[in-house]
Amino acid sequence: MAGIAASLTVRVQAEVFDTAAEISLLSAGRNDIGAVVSFSGLCRDEGGTLEALELEHYPGMAEAEIRRICAEAIRRFDLQGVTAIHRYGKIAPGAPIVLVVAASSHRQAAFDGASFIMDFLKTGAPFWKKEHRVDGGKGDWVSAKDADDSARDRWRQR
Amino acid sequence: MRTVDLVYFSWVRERIGRGEDRIELPETVKTAGDLIRHLKGLGDDYASALEHENVIRVAFDQEHVDHDEPIGGAREIALFPPMTGG
């Protein structure tokens, strides 16, 4: 680990976040960071059929679980900083749902760290998406995907 | 017997018909899996919500646990479906 402790910011909020501002904030005032990777997850319109996603979360545990995942990523990839923000409530197509920013000395750790955090967040952070359809039809809860479990499990085999 | 707070999310919450319960834990209920089976005997709403036991995820005091985890001193037990955030 570098001389400066890794910074970790985790927020669970209804409000929209400013991706560019969060990326800048993570590296502000530091000259030891060589790579910053960000992932933004947005709400898709599913071919024009989706009016909005409604995200339910487990208050308290949602933030705690994301924090545990990010702390593990910081240890495993020797990251210098992580910012993770996840929204809840009703989210319209095109709007952001989640942001992960990972900073490290060199690019591979930042890429891997952001990917690791997203793979564990999708399967372990207590959020659930419900669809609201354009045609007013009764929306369904989004089903968990086996592919997401597989993506997470790949990290356990490395 | 002692009292625990239960919290439900997503379609588990919808099928049970409320977001939380406070229940007395019988001595025979020792693990997360025991609790799920116990709740299924309390009524049709619980039976419907918890029909597929293996799908139900459990957290004790806001940390994930497996179904064979002893309840121990947990105060808040959450039951919910697989997560779909991100």
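Chain B has the name Molybdopterin converting factor subunit 1 in an unreviewed UniProt entry, where Xaviernesmea oryzae is given as its organism.

An unreviewed UniProt entry lists chain A under the name Molybdopterin synthase catalytic subunit, from Xaviernesmea oryzae. Entered under Pathway (unreviewed entry) in the UniProt record, the comment concerning chain A runs "Cofactor biosynthesis; molybdopterin biosynthesis." Here chain A is described in UniProt, under the heading Subunit (unreviewed entry), as follows: "Heterotetramer of 2 MoaD subunits and 2 MoaE subunits. Also stable as homodimer. The enzyme changes between these two forms during catalysis."

(A) Fine view of the side chain of Ser 10 of chain B. Mapping Ser 10 of chain B onto the fold places it in helix α1 (residues 10–16). With sequence-adjacent residues up to four places away left out, Ser 10 of chain B is seen in contact with Glu 56, Trp 128 and Trp 141 of chain A together with Pro 81 of chain B.

(B) Here's a closer look at the interface of chain A and chain B. Contacts between the two partners involve 26 residues from chain A and, on the opposite side, 20 residues from chain B. Carbon and sulfur atoms make up 53% of the surface buried where chain A meets chain B, a total of about 1800 Å² over both sides. Of all residues in chain A, Tyr 58, Trp 128 and Trp 141 of chain A give up the largest surface area on contact with chain B, accounting jointly for 35% of the area buried on that side. Applying the counting rule to chain A against chain B returns two salt bridges. Taken together, chain A and chain B are joined by 17 residue pairs in polar contact (both at pLDDT 80 or more). For the side of chain A that touches chain B, the secondary structure elements donating two or more residues are β3 (50–57), α2 (61–77), β6 (96–104), α3 (107–124) and β7 (127–133) of chain A. The leading source of residues in the side of chain A that touches chain B is α3 of chain A, at five residues.

(C) Expanded view of the sheet that holds β6 of chain A. All names here are of chain A. Spatially, four strands are ordered β1-β4-β6-β2 in an open sheet, and the strand pairing comes out mixed. Edge positions in the open sheet fall to β1 (7–13) and β2 (35–42), since each of these has one partner strand only. Between one strand and the next, the sheet's axes are offset by a mean angle of 5 degrees, whatever the strand orientation. Here β1 pairs with strand β4 (residues 81–87) via seven bridges, running parallel. Within β4, the residue paired with Val 10 across the bridge is Ala 84. Packing of α2 onto the sheet brings it into contact with β1 and β4, and relative to β1 it is tilted by some 155 degrees. Set on the sheet, α3 makes contact with β2, β4 and β6; between it and β6 the angle comes to about 145 degrees.

(D) Layout of the packing of aromatic side chains. Scanning the entire structure with this criterion turns up nine aromatic pairs over all chains. Relative to Phe 80 of chain B, the ring of Tyr 58 of chain A lies with its centre 6.5 Å away and its plane at 65 degrees, an arrangement referred to as edge-to-face. Placement of the pair is Tyr 58 of chain A in the loop between β3 and α2 and Phe 80 of chain B in strand β5 (residues 76–80), with the two residues belonging to separate chains. Across the pair, exposure class does not vary: Tyr 58 of chain A and Phe 80 of chain B are buried alike. Each ring, one from Phe 77 of chain A and one from Trp 155 of chain A, has its centre 5.7 Å from the other, and the planes form 80 degrees; the classification is edge-to-face. Of this pair, Phe 77 of chain A sits in helix α2 while Trp 155 of chain A sits in helix α4 (residues 146–157); the two residues are 78 residues apart in sequence, bridging distant segments of the chain. The exposure class of Trp 155 of chain A is buried, given its relative accessible area of 3%. Following the ring pairs from residue to residue traces out a cluster consisting of Tyr 58 and Trp 128 of chain A together with Phe 9 and Phe 80 of chain B.

(E) Seen up close, the packing of α3 of chain A against α4 of chain A. Residues and elements named next belong to chain A. Put simply, α3 and α4 touch, their axes get as near as 9 Å, and they point 130 degrees apart. As judged from the angle between their axes, α3 and α4 are oblique. Seen from above, α3 lies across α4 with left-handed handedness. For the pair formed by α3 and α4, the contact residues are Asp 112, Ser 115, Phe 116, Asp 119, Phe 120, Lys 122 and Thr 123 on the first element and Asp 148, Asp 149, Ala 151, Arg 152, Arg 154, Trp 155 and Arg 156 on the second. Here the residues of the contact of α3 with α4 are counted per class, giving four nonpolar, two polar and eight charged.

Parameters and conventions
Residues numbered from 1 in each chain as written. Chains lettered and ligands numbered in written order. Predicted model: local features only at pLDDT ≥ 70, side-chain atom pairs only at ≥ 80, totals over all residues. Heavy atoms only, no water. UniProt positions renumbered as here; feature names shortened; annotations may be inferred. Helix = DSSP H or I, 4+ residues; strand = E, 2+ residues; numbered from the N terminus. Contact = heavy atoms within 4.5 Å. Buried area = accessible area lost by both parts, 1.4 Å probe. Salt bridge = Lys/Arg side-chain N within 4 Å of Asp/Glu carboxyl O. Polar contact = N/O pair within 3.5 Å; in protein donor to acceptor, adjacent residues only side chain to side chain. Pairing = 2+ DSSP bridges. Axes fitted to C-alpha atoms, helices over the stretch in contact; angles between N-to-C directions. Phe/Tyr/Trp six-rings, centres within 6.5 Å; stacked < 30°, edge-to-face > 60°. Buried < 20%, exposed > 50% of the residue type's maximum accessible area, 1.4 Å probe, protein only. Parallel < 35°, antiparallel > 145°, perpendicular 65-115°, else oblique. Left-handed = near helix turned anticlockwise from the far one by under 90°. Nonpolar A, V, L, I, M, F, W, Y, C, P; charged D, E, K, R; others polar.

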